[in-house]
Amino acid sequence: MEFLYAKIHRATVTDANLEYIGSITIDKALLRASDIKANQKVEILDINNGERFSTYVIEGAENSGIICLNGAAARKVQKGDKVIIVAYAIMDEKEQQSFCPKIVHVDENNKIV
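A brief structural summary.

Cut-off values and rules
Residues numbered from 1 in each chain as written. Predicted model: local features only at pLDDT ≥ 70, side-chain atom pairs only at ≥ 80, totals over all residues. Heavy atoms only, no water. Pairing = 2+ DSSP bridges. Helix = DSSP H or I, 4+ residues; strand = E, 2+ residues; numbered from the N terminus. Axes fitted to C-alpha atoms, helices over the stretch in contact; angles between N-to-C directions. Buried < 20%, exposed > 50% of the residue type's maximum accessible area, 1.4 Å probe, protein only. Polar contact = N/O pair within 3.5 Å; in protein donor to acceptor, adjacent residues only side chain to side chain. Salt bridge = Lys/Arg side-chain N within 4 Å of Asp/Glu carboxyl O.

### Observations concerning the sheet that holds strand β7 (residues 82-90)
In step 1: Strand order in this open sheet of eight strands is β2-β6-β3-β5-β4-β7-β1-β8, and the pairing throughout is mixed. The strands lining the two open edges of the sheet, one partner per strand, are β2 (15-17) and β8 (102-105). Put simply, the sheet's adjacent strands are angled 30° from each other on average, direction ignored.
In step 2: Taken together, the four bridges between strand β3 (residues 23-27) and strand β5 (residues 52-60) define a ladder with parallel strand orientation. Residue pairing for β5: isoleucine 26 is matched across the bridge by glutamate 59.

Here is the structure:
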């Protein structure tokens, strides 16, 4: 079964780059804190407009606060939108019972609180 693995809660979109091939660029410090990895599939939940879509992660500069949607995903958000970035993992029930997902809360500048 698929279960919540990690999430970055209420991050602020800092940019949307339509000309890039695809993905979401996330501050390396946020990736480390959440245990989300570069190239990992994530789901993006846009709090402002209700969009939900999947993409993959690119590591951004550490402590930059960057949350940038690239390529086609750039059309689904606007700079300043609040998003929840969610990663899932496949686990059996036994694994899931002892697993605790990492939840990272951030402020308006995407710094960990």
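What follows picks up the thread again.
### What about the side chain of threonine 25?
In step 1: Among the secondary structure elements, threonine 25 is positioned in strand β3.
In step 2: When its relative accessible area of 13% is taken as the criterion, threonine 25 is described as buried.
In step 3: Looking at threonine 25, its side chain comes within polar contact range of the side chain of asparagine 70, at 3.0 Å.

### Here we look at the pairing of strand β6 (residues 67-70)
Along any regular strand the residues' side chains alternate between the sheet's two faces.
In step 1: Of the two faces of β6, both are covered, the one formed by Ile67 and Leu69 as well as the one formed by Cys68 and Asn70.
In step 2: Of the strand pairs in this sheet, β3 and β6 are connected by four bridges, and their pairing is antiparallel. Note that in β6 the partner of isoleucine 26 across the bridge is isoleucine 67.

### What to know about the pattern of salt bridges
In step 1: Following the criterion strictly, the structure yields four salt bridges and no others.
In step 2: Between glutamate 62 and arginine 32 there is a salt bridge, and its shortest N-O distance comes to 2.7 Å. One end of the pair, glutamate 62, is in the loop between β5 and β6; the other, arginine 32, is in helix α1 (residues 28-34), and 30 residues separate them in sequence.
In step 3: A relative accessible area of 38% means that glutamate 62 is categorised as partly exposed.
In step 4: Of the charged contacts in the structure, one is a salt bridge between aspartate 35 and lysine 37, with a shortest N-O distance of 2.5 Å.
In step 5: Look at lysine 37 and you get partly exposed, because its relative accessible area is 45%.

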